Amino acid sequence: MNDLFDLNGKVAVVTGGNGGIGLGMATGLAAAGATVVIAGRNSEKNAAAVSQLLAAGGRAIAIEVDVQQEASCHSLVQKTVTALGRVDILVNNAGMNIRKPPQDYALAEWNQVLQTNLTSAFSCSQAVYPEFKKLGAGKVINIGSMMSIFGASFATPYAASKGGLVQMTRAMACAWAADNIQVNAILPGWIDTALTRQARMDVNGLHARVLDRTPAKRWGVPGDFGGIAVFLASAGSDFLTGTAIPVDGGYSVQG
Ligand SMILES: NC(=O)c1ccc[n+]([C@@H]2O[C@H](COP(=O)([O-])OP(=O)(O)OC[C@H]3O[C@@H](n4cnc5c(N)ncnc54)[C@H](OP(=O)(O)O)[C@@H]3O)[C@@H](O)[C@H]2O)c1
């Protein structure tokens with residue numbers, strides 16, 4: 001049974017792995033035996049995350065990346081292969097939000113959100129595909145949102161990017177299933193991270209609304225994402241592809 005979820009010998013790249021949900025997933029993957037590449041822009045945060053994983057007995061390195069740049073996504077994969085010899089798992093987690101009513105966005109802001117949240121996942125997945133083909137296997141895990149499902153008045157480009165991620169997940173899952181590559185998405189509910197700490201300041205009444213609507217009656221924490229990341233990265237999910245799994249304390253099924 002343990003072998004189903006054993007990631008020893010596997011290399012996992014986690015974009016935005018230096019904090020929040022990304023670090024929660026990286027911690028789970030490292031505990032299951034994977035060597036984790038922490039891929040973020042901020043080198044101090046990257047180094048701190050690597051230290052945390054090493055201190056817990058895991059294996060990890062950091063590689064700087066700006067996922068808004070296609071060339072940086074390709075270089076991330078090349079540097080991973082040079083340093084560690086292979087890549088088995090890609091977690092497309094890096095993301096950001098700009099909160100405004102739709103009529104107030106500059107096109108540059110729309111583009112920045114789409115580029116960071118959606119196009120980056122496309123570019124990193126394209127970059128990793130030849131490596132997965134060489135190994136005859138691979139796992140892509142995309143991080144969506146409740147806004148992959150629902151709308152929000154203050155998050156038009158974010159909702160577009162996260163909805164797009166789910167459809168991209170389905171399309172790539174169809175394209176690559178015959179290559180033994182599984183592509184799935186995780187849809188986090190409301191999770192206490194730097195991203196939502198800002199949202200709680202920007203959006204009046206958000207904190208209380210989240211607690212009220214979430215059946216689990218709490219905000220999620222990054223540690224809630226270790227288990228699902230290991231499952232989607234492991235042999236335990238080899239016949240599961242194209243899905244979008246809410247990890248939300250019941251938020252999305254509350255009537
Ligand atoms: N928190 C929630 O409630 C929630 C809910 C649904 C979905 N999500 C999604 O979960 C993912 C992680 O969010 P989080 O809540 O953990 O927020 P976070 O703590 O702000 O983490 C965002 C991560 O993305 C990285 N990042 C942003 N832009 C980047 C870029 N251009 N290149 C490389 N890395 C970049 C950041 O690294 P640097 O600091 O180094 O740039 C950081 O590690 C995002 O995709 C977010 O949309 C979060």
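Quick summary incoming for the structure in this document. (Residues numbered from 1 in each chain as written. Predicted model: local features only at pLDDT ≥ 70, side-chain atom pairs only at ≥ 80, totals over all residues.)

**What about the overall build of the protein chain?**
1) Next: Check the secondary structure of the protein chain and you find eight helices and seven strands.
2) Next: A compact globule built from 255 residues would reach a C-alpha radius of gyration of about 18 Å, and the protein chain, at 17 Å, matches this within 12%.
3) Next: Taking the principal axes of its C-alpha atoms as reference, the protein chain extends roughly 50 × 40 × 40 Å.
4) Next: Taken across its 255 residues, the protein chain has 45% of its residues classed as buried.
5) Next: Long-range pairs, those at least 24 residues apart, make up 75% of the contacts in the protein chain with a sequence separation of at least 6. (Helix = DSSP H or I, 4+ residues; strand = E, 2+ residues; numbered from the N terminus. Rg over C-alpha atoms; globule rule 2.2 N^0.38 Å. Buried ≥ 20, exposed ≤ 12 C-beta atoms within 10 Å, placed from the backbone. Contact = placed C-beta atoms within 7 Å.)

**Quick word on the site of the ligand**
1) Next: Around the ligand, the surrounding shell holds 30 residues, and the nearest of these are Gly16, Gly20, Gly40, Gly95 and Thr193.
2) Next: Those elements that provide at least two residues to the shell around the ligand are α1 (20–31), α4 (107–135) and α6 (194–202). (Near = placed C-beta within 6 Å.)

**Side note on the pairing of strand β3 (residues 59–64)**
1) Next: Both strand β2 (residues 35–40) and β3 contribute to a ladder of six bridges, which runs parallel. Paired with Gly40 across the strands is Glu64, a residue of β3. (Pairing = 2+ DSSP bridges.)

**Overview of the nonpolar core**
1) Next: Membership of the largest hydrophobic core comes to 60 residues, with the highest contact counts inside it found for Ala12, Leu29 and Val36.
2) Next: Not counting residues up to four positions away in its chain, the partners in contact with Leu29 are Leu7, Ala12, Ala34, Val36, Ala229, Val230 and Ala233. (Core = buried A, V, L, I, M, F, W, Y, C linked by C-beta atoms within 7 Å.)

**Overview of unusual backbone geometry**
1) Next: You will see that Asn180, though not glycine, has its phi angle at about 60°, which is positive.
2) Next: For Asn180, the location among the structural elements is in the loop between α5 (156–176) and β6 (181–188).

**Considerations on the sheet that holds strand β4 (residues 89–92)**
Strand pairing in a sheet takes place through backbone hydrogen bonds and is either antiparallel or parallel in direction.
1) Next: Pairing is parallel across the open sheet formed by seven strands, whose spatial order is β3-β2-β1-β4-β5-β6-β7. The strands lining the two open edges of the sheet, one partner per strand, are β3 and β7 (244–247). In this sheet, adjacent strand axes meet at a mean angle of 20° when their direction is disregarded.
2) Next: Sheet topology note: the strand β5 (residues 138–143)/β6 ladder contains six bridges and is parallel. Opposite Ile141, over in β6, you have Asn184 as the bridge partner. (Axes fitted to C-alpha atoms, helices over the stretch in contact; angles between N-to-C directions.)

**Focus on the packing of helix α3 (residues 70–84) against α4**
1) Next: At a minimum axis distance of 9 Å, the contact between α3 and α4 shows a crossing angle of 35°. Relative to α4, the crossing made by α3 is right-handed. Residues Glu70, Cys73, His74, Leu76, Val77 and Val81 of α3 form the contact with α4, whose own contacting residues are Ser120, Ser123, Cys124, Ala127, Val128 and Glu131.
2) Next: Taken together, the residues that form the contact of α3 with α4 break down as seven nonpolar, three polar and two charged. (Left-handed = near helix turned anticlockwise from the far one by under 90°. Nonpolar A, V, L, I, M, F, W, Y, C, P; charged D, E, K, R; others polar.)

**A short note on the environment of Asp6**
1) Next: Considering the arrangement of structural elements, one finds Asp6 in the segment before β1 (11–15).
2) Next: Residue classification places Asp6 among the partly exposed residues on the basis of 16 C-beta atoms within 10 Å.
3) Next: In this structure, the C-alpha to C-alpha distance between Asp6 and Ala34, residues 28 residues apart in sequence, is 8.3 Å.
4) Next: Setting aside residues no more than four positions away along its own chain, Asp6 makes contact with Ala32 and Gly33.

**Looking at the pairing of β5**
1) Next: Summarising burial for β5: six of the six residues are buried, a large majority.
2) Next: Residues of β5 alternate between two faces, with Gly138, Val140 and Asn142 on one and Lys139, Ile141 and Ile143 on the opposite face, all of them buried.
3) Next: As paired elements, β4 and β5 share four bridges and run parallel to each other. When the bridges of β5 are listed, Asn92 appears paired with Asn142.

**Observations regarding the environment of Arg59**
1) Next: The residue Arg59 is located in strand β3 in this model.
2) Next: When the 15 C-beta atoms within 10 Å are taken as the criterion, Arg59 is described as partly exposed.
3) Next: In this structure Arg59 touches Ala30 and Thr35, once residues within four positions along its chain are discounted.

**Brief notes about α5**
Working note: α-helix, 3.6 residues per turn, so residues spaced by three or four point in the same direction.
1) Next: Between its terminal C-alpha atoms α5 stretches 30 Å, which fits the 30 Å expected from 21 residues at 1.5 Å a residue.
2) Next: Three or more residues of α5 are buried, namely Thr156, Pro157, Tyr158, Ala159, Ser161, Lys162, Leu165, Met168, Thr169 and Met172.
3) Next: Of the surrounding secondary structure, the elements contacted by the buried residues of α5 are α4, β5, β6 and β7. (Expected span 1.5 Å × (residues − 1).)

**Focus: the packing of α1 against helix α8 (residues 226–233)**
1) Next: At a closest axis distance of 7 Å, the pairing of α1 and α8 adopts a crossing angle of 55°. As summarised for this structure, α1 and α8 are arranged oblique, according to the angle between their axes. As α1 runs across α8, the sense of the crossing is right-handed. Side by side, α1 and α8 meet where Gly24, Met25, Thr27, Gly28, Leu29 and Ala31 of the first sit next to Gly226, Gly227, Ala229, Val230 and Ala233 of the second.
2) Next: Among the residues making up the contact of α1 with α8, the classes are represented as six nonpolar, five polar and no charged. (Parallel < 35°, antiparallel > 145°, perpendicular 65-115°, else oblique.)

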